[in-house]
Amino acid sequence: MKSSKRVLALAGGLAALALLSGCASGGSGDDGGKVDKLTFWLSTSTAQEKGYQDLATAYEKESGVNVRIVNLPYDGLQTKLRESAQAKSLPDVVRAAAIDPIWTSQTVDLSSITDKKATGINQDLVAKAKDGKVLSIPSDITAAGLFVNKSLFEKAGVSYPTDPAKAWTWDEFLKAADEVKAKTGAKYDLTFDASPSRLRAYMYTKGTTFLEQQKDGSFESNAKMVGALQDFADMNDDKTMPKSVWASGQDPNALFKSGQVVAYFSGVWQTSDFASNVDFDWASAATPADPTHATEINYGGNIVGFANSDARGAAAKKFIEYMYEPANYTKLSATNGFLPVENGLDIDYPFTSQAAKDSFALYTKEIEAADPISSAYANEASTWAIEGKELGTDPTTTEVGKLINGQQSAKKTLDTITKYYEEQVG
């Protein structure tokens, strides 16, 4: 097994960093003085930025500390954080897409926030080092799941389960989808995000431990996984599912919105989009359990505070603590349409669409019912970052595309993916 690859020092990007220097940490009260300004970097939609702006406004009113929110392009945020870490010019708080070993040593310990019973933060979802230091808390969680074209199901007179306790198998789903397709003239049974995350969710439902790291650092490749992967590839036959999504990058979201696809396997983040941008009736349906009731639970973002100085680190932590007070976090989750990382919240999402409200309710039930394997990958990815390991570009989508195109076997596909993981993070 090859040794772990460390994050290399970044070069360049100085001009971009200079533009952000006024947004970073050095401009207000510092060591030994009162901190009256904080910077908070994130990358999100305008709609979701509102929740954070509302939070910052309320915090300034209560504490007198101004929190300046800087909304950066998604593709550039992680790079700018790396550059800022090297230049010792990090923001005070960030909602990062992932934990990066280049800056983990500079984070504030958030364990006093996660350990509070009053917050109800799910302890299984925080990024924790071996010494107990909590590096980040998820801003929210996401989960994979199944959307159906309700109009087509109703036209065909076919039912679908909306309760995880009554979940169908994949064969039962495909039989129902075939019937809907035959009676309505739809083109495909299903479209499926070309994403390693969505494939992991499918593989979990088939009872496998796909890409779950073993204690010795290896990744198992066995006959059960090969069979499940072959089953997935076989669905991409241009009848059940279009080959073009995984093999050549066609947009599955657009395919579903065309009204010619019976169902779409994606995730909770589609709910807000569908509430406004779909011309037919849609619904979330129970994810097939075959035999395992699973999804993939991931982090919408990672809230991190940086110890730019003793005073600034303490001020950043105080703001994050305010964010996760149940009343404040409930408002943030409602405004931004978040599935919460805290348990026991009563969130009234401001959707006018009943389908969207029902969708969030179903996803909440799905997460509660999900097998622990559902959050294994997210937890392992955090551990790799804490240990200084970097995955790089996941080959899963490319390799599965080759399988679907008949260029290689399911075993070769699985072996290639697991070997890559072992080389990178084993």
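Criteria and cut-off values
Residues numbered from 1 in each chain as written. Predicted model: local features only at pLDDT ≥ 70, side-chain atom pairs only at ≥ 80, totals over all residues. Heavy atoms only, no water. Helix = DSSP H or I, 4+ residues; strand = E, 2+ residues; numbered from the N terminus. Buried < 20%, exposed > 50% of the residue type's maximum accessible area, 1.4 Å probe, protein only. Contact = heavy atoms within 4.5 Å. Lys, Arg positive; Asp, Glu negative; His and termini not counted. Charge placed at Lys NZ, Arg CZ, Asp CG, Glu CD. Phe/Tyr/Trp six-rings, centres within 6.5 Å; stacked < 30°, edge-to-face > 60°. Polar contact = N/O pair within 3.5 Å; in protein donor to acceptor, adjacent residues only side chain to side chain. Salt bridge = Lys/Arg side-chain N within 4 Å of Asp/Glu carboxyl O. pLDDT = per-residue confidence, 0-100. Expected span 1.5 Å × (residues − 1). Axes fitted to C-alpha atoms, helices over the stretch in contact; angles between N-to-C directions. Parallel < 35°, antiparallel > 145°, perpendicular 65-115°, else oblique. Left-handed = near helix turned anticlockwise from the far one by under 90°. Nonpolar A, V, L, I, M, F, W, Y, C, P; charged D, E, K, R; others polar. Core = buried A, V, L, I, M, F, W, Y, C linked by side-chain atoms within 4.5 Å. Pairing = 2+ DSSP bridges.

## Quick look at the overall build of the chain
Working step 1: For the chain, the count of helices and strands is 17 helices and nine strands.
Working step 2: Seen through its principal axes, the chain has C-alpha atoms that stretch 70 × 50 × 40 Å.
Working step 3: For the chain, the residues scored as buried account for 57% of the 426 residues in total.
Working step 4: Considering only contacts in the chain between residues 6 or more positions apart, those separated by 24 or more positions represent 75%.
Working step 5: Placing the 43 positive and 55 negative side-chain charges of the chain at their respective mean positions leaves the two points 2 Å apart.

## A short note on the packing of aromatic side chains
One pair of aromatic rings is described through two measures. These are the centre distance and the angle between the planes.
Working step 1: The tally for this structure, following the rule as stated, stands at 34 aromatic pairs.
Working step 2: With a centroid separation of 5.4 Å and 90 degrees between ring planes, the pair formed by Phe40 and Tyr52 is classed as edge-to-face. Here Phe40, found in strand 1 (residues 37-42), pairs with Tyr52, found in helix 2 (residues 46-63); they are twelve residues apart in sequence, far enough to count as distant.
Working step 3: The class of Tyr52 is buried, set by a relative accessible area of 0%.

## Let's talk about helix 7 (residues 196-205)
Working step 1: Burial analysis of helix 7 places ten of its ten residues in the buried class, which makes it a mostly covered element.
Working step 2: Residues Pro196, Ser197, Arg198, Leu199, Arg200, Ala201, Tyr202, Met203, Tyr204 and Thr205 constitute the buried set of helix 7.
Working step 3: For helix 7, the side-chain oxygen to backbone nitrogen distance between the N-cap and Ser197 is 3.1 Å, and the N-cap itself is Ser195.

## Examining the pattern of salt bridges
Working step 1: The tally for this structure, following the rule as stated, stands at 16 salt bridges.
Working step 2: Put simply, Glu321 and Lys116 hold a salt bridge, and the shortest N to O gap is 2.5 Å. Of the two residues, Glu321 sits in helix 12 (residues 310-323) while Lys116 sits in the loop between helix 4 (111-114) and strand 4 (127-128), which places them 205 residues apart along the sequence.
Working step 3: Residue Lys183 pairs with Glu179 through a salt bridge whose shortest N-O separation is 2.8 Å. Placement of both Lys183 and Glu179 in helix 6 (residues 170-184) is noted, with a separation of four residues, approximately one turn of the helix.
Working step 4: Several salt bridges share partner residues, and in doing so they unite Arg82, Asp100 and Glu390 into one network.

## Looking at the side chain of Gln78
Working step 1: Relative to the helices and strands, Gln78 is located in helix 3 (residues 74-86).
Working step 2: Among the polar contacts made by the side chain of Gln78, one reaches the main-chain amide nitrogen of Ala97 at a distance of 3.3 Å.
Working step 3: In terms of polar contacts, Gln78 uses its side chain to reach the backbone carbonyl oxygen of Ala98, at 3.1 Å.
Working step 4: Aside from chain neighbours lying at most four places away, what touches Gln78 is Ala96, Ala97 and Ala98.

## Digging into the confidence of the model for the chain
Working step 1: Here the chain shows a mean pLDDT of 90. Residues at 70 or above account for 92%.
Working step 2: A low-confidence stretch, residues 1-23 stays under pLDDT 50, and its non-local contacts, those more than four residues away or across chains, total 43 contacts.
Working step 3: Throughout residues 25-29 the model reports pLDDT below 50, and contacts reaching past four residues in sequence, or to other chains, amount to 13 contacts.

## Details of helix 12
Working step 1: Between its first and last C-alpha atoms helix 12 spans 20 Å; for 14 residues at 1.5 Å apiece the expected length is 20 Å, and the two agree.
Working step 2: Along helix 12, the positions that sit buried rather than exposed are Ala311, Arg312, Gly313, Ala315, Ala316, Phe319, Ile320, Tyr322 and Met323.

## Looking at the environment of Ala376
Working step 1: If you trace the backbone, Ala376 turns up in helix 15 (residues 376-386).
Working step 2: For the pair Ala376 and Gln213, spaced 163 residues apart in sequence, the C-alpha to C-alpha distance is 8.9 Å.

## Thoughts on the packing of helix 2 against helix 13 (residues 326-336)
What describes two packed helices is the angle between their axes and the distance between those same axes.
Working step 1: Running from amino to carboxyl end, helix 2 crosses helix 13 at an angle of 160 degrees, the nearest separation of the two axes being 8 Å. By the angle between their directions, the pair helix 2 and helix 13 is classed as roughly antiparallel. As helix 2 packs across helix 13, the resulting crossing turns out to be right-handed. Only Asn328, Leu332, Thr335 and Asn336 of helix 13 make contact with helix 2, whose side of the interface consists of Ala47, Gln48, Lys50, Gly51, Tyr52, Asp54 and Leu55.
Working step 2: Across the contact of helix 2 with helix 13, the residue classes tally to four nonpolar, five polar and two charged.

## Things to note about the nonpolar core
Working step 1: Grouped together as the largest cluster of nonpolar side chains are 114 residues, with contacts concentrated most on Phe40, Tyr324 and Tyr421.
Working step 2: Sorting elements by how many residues they give to this core places strand 5 (residues 134-149) first, with eight residues.
Working step 3: In terms of nonpolar packing, the next biggest core, distinct from the first, is built from 18 residues, Leu81, Ile102, Ala129 and Leu135 among them.

## Thoughts on the environment of Phe147
Working step 1: Mapped onto the fold, Phe147 is located in strand 5.
Working step 2: Exposure remark for Phe147: the relative accessible area of 0% places this residue in the buried category.
Working step 3: Expressed as a C-alpha distance, the spacing of Phe147 and Ser266, which sit 119 residues apart in the sequence, is 7.5 Å.

## With respect to the pairing of strand 7 (residues 261-267)
Working step 1: Of all seven residues in strand 7, seven are buried; the element is thus mostly enclosed.
Working step 2: Bridging between strand 5 and strand 7 involves five bridges; their strand directions are antiparallel. Across the sheet, residue Val148 finds its bridge partner in strand 7, namely Ala263.
Working step 3: Relative to strand 7, strand 6 (residues 188-192) runs parallel, the two being bridged by four bridges.

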